[in-house]
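Inside the fold
These are the residues of each chain, in order.
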Amino acid sequence: MQTIIFVSFESLIILEEMILSLQKHYRKKIIKRINNRMRTPMINTIQEYLHLAANDNIQDNNKTRTEELSPAVIGEILHHYPEKKAWLVHNKHIPAEVLRLLCTDENADVRFTVAMKNKNDRYIFETLMNDPDFSIRLAIIRNKKLPIDLLKKMTHDTNKTIAQEAMRILRLRDTESS
């Protein structure tokens, strides 16, 4: 059986106007979001990055940490400026893939800086948990984002100091969660 609904012509016009109004509203919101993303400052050249990094003006220098870096700049640093890798890790927009790459870097300072990052994923934590460098493993257990199960594993570290510190932090976390 088919239901027939009678709607006045005026009601249809009102309904159509409401739909158009909603479309305009959401279109404006979407355009605003796109424009905001486009306005996000970005460092696009290695020369600009190096200039800012060497700058004595703290505001300019901080831009290397707070502004997004173009993929080209990241690639340049990784391949041609190894002395800047640890500083690169401080950038708040650094992609997780770059952190995964740098957690196995030959430079312990780079790995240590990665160990302190809050956006580390499980792969990075597991990789750095087994780092031969004591300070890197210590930084990992002090990272508040380290999952509990991995922290528990660190209580069995071959280094007694690390194992004890992992146990202390595990107790602290248990106290905070209850």
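The following paragraphs examine the structure supplied in this document.

Parameters at a glance
- Residues numbered from 1 in each chain as written.
- Predicted model: local features only at pLDDT ≥ 70, side-chain atom pairs only at ≥ 80, totals over all residues.
- Heavy atoms only, no water.
- Axes fitted to C-alpha atoms, helices over the stretch in contact; angles between N-to-C directions.
- Helix = DSSP H or I, 4+ residues; strand = E, 2+ residues; numbered from the N terminus.
- Parallel < 35°, antiparallel > 145°, perpendicular 65-115°, else oblique.
- Contact = heavy atoms within 4.5 Å.
- Nonpolar A, V, L, I, M, F, W, Y, C, P; charged D, E, K, R; others polar.
- Salt bridge = Lys/Arg side-chain N within 4 Å of Asp/Glu carboxyl O.
- Buried < 20%, exposed > 50% of the residue type's maximum accessible area, 1.4 Å probe, protein only.
- Lys, Arg positive; Asp, Glu negative; His and termini not counted.
- Polar contact = N/O pair within 3.5 Å; in protein donor to acceptor, adjacent residues only side chain to side chain.
- Left-handed = near helix turned anticlockwise from the far one by under 90°.

This paragraph deals with the packing of helix α7 (residues 108-115) against helix α9 (residues 134-141). α9 packs onto α7 with a crossing angle of 10° between their chain directions and a minimal axis gap of 8 Å. Between α7 and α9, the angle is such that the two are roughly parallel. Along the contact surface, α7 presents Ala-108, Arg-111, Phe-112 and Ala-115, while α9 presents Ser-135, Ile-136, Ala-139 and Ile-140. For the contact of α7 with α9, a count of residues per class yields 6 nonpolar, 1 polar and 1 charged.

This brings us to the pattern of salt bridges. Counted according to the given criterion, the structure contains 9 salt bridges. Taking the shortest distance from any N to any O, the salt bridge between Lys-85 and Asp-105 comes out at 2.8 Å. In this pair, Lys-85 is assigned in helix α5 (residues 85-89) and Asp-105 in the loop between α6 (96-102) and α7, connecting sequence segments 20 residues apart. Across the pair, Asp-105 and Lys-85 agree in class, each one buried. Arg-137 is the salt-bridge partner of Asp-157, the closest N and O atoms lying 3.0 Å from each other. Taken together, the residues Asp-157 in the loop between α10 (148-154) and α11 (160-177) and Arg-137 in helix α9 connect sequence positions 20 residues apart. Of the residues examined, Arg-137 reaches a relative accessible area of 8% and is grouped as buried. The network of salt bridges with common partners includes Arg-122, Glu-126 and Asp-149.

Another aspect to go through is the side chain of Arg-173. Among the structural elements, Arg-173 can be located in helix α11. One buried charge, Arg-173, has no salt-bridge partner; the nearest side chain with opposite charge is Glu-176, at 6.1 Å. One polar contact links the side chain of Arg-173 to the main-chain carbonyl oxygen of Asn-143, over a distance of 3.1 Å. Apart from the residues lying within four places of it in its own chain, the contact partners of Arg-173 are Asn-143, Lys-144, Lys-145, Leu-146, Pro-147, Ile-148 and Leu-151.

Our next topic: the side chain of Thr-155. Within the element layout of this structure, Thr-155 appears in the loop between α10 and α11. Not counting residues up to four positions away in its chain, the partners in contact with Thr-155 are Ala-163, Ala-166, Met-167 and Leu-170.

Let's shift gears to the packing of helix α8 (residues 122-129) against α9. Across the interface, α8 lies against α9 with an axial gap of 9 Å and an inter-helix angle of 140°. For the element pair α8 / α9, the angle class is oblique. The handedness of the crossing between α8 and α9 is left-handed. Of α9, the residues touching α8 (which contributes Phe-125, Leu-128 and Met-129) are Ile-136, Arg-137 and Ile-140. For the contact of α8 with α9, the per-class residue count stands at 5 nonpolar, no polar and 1 charged.

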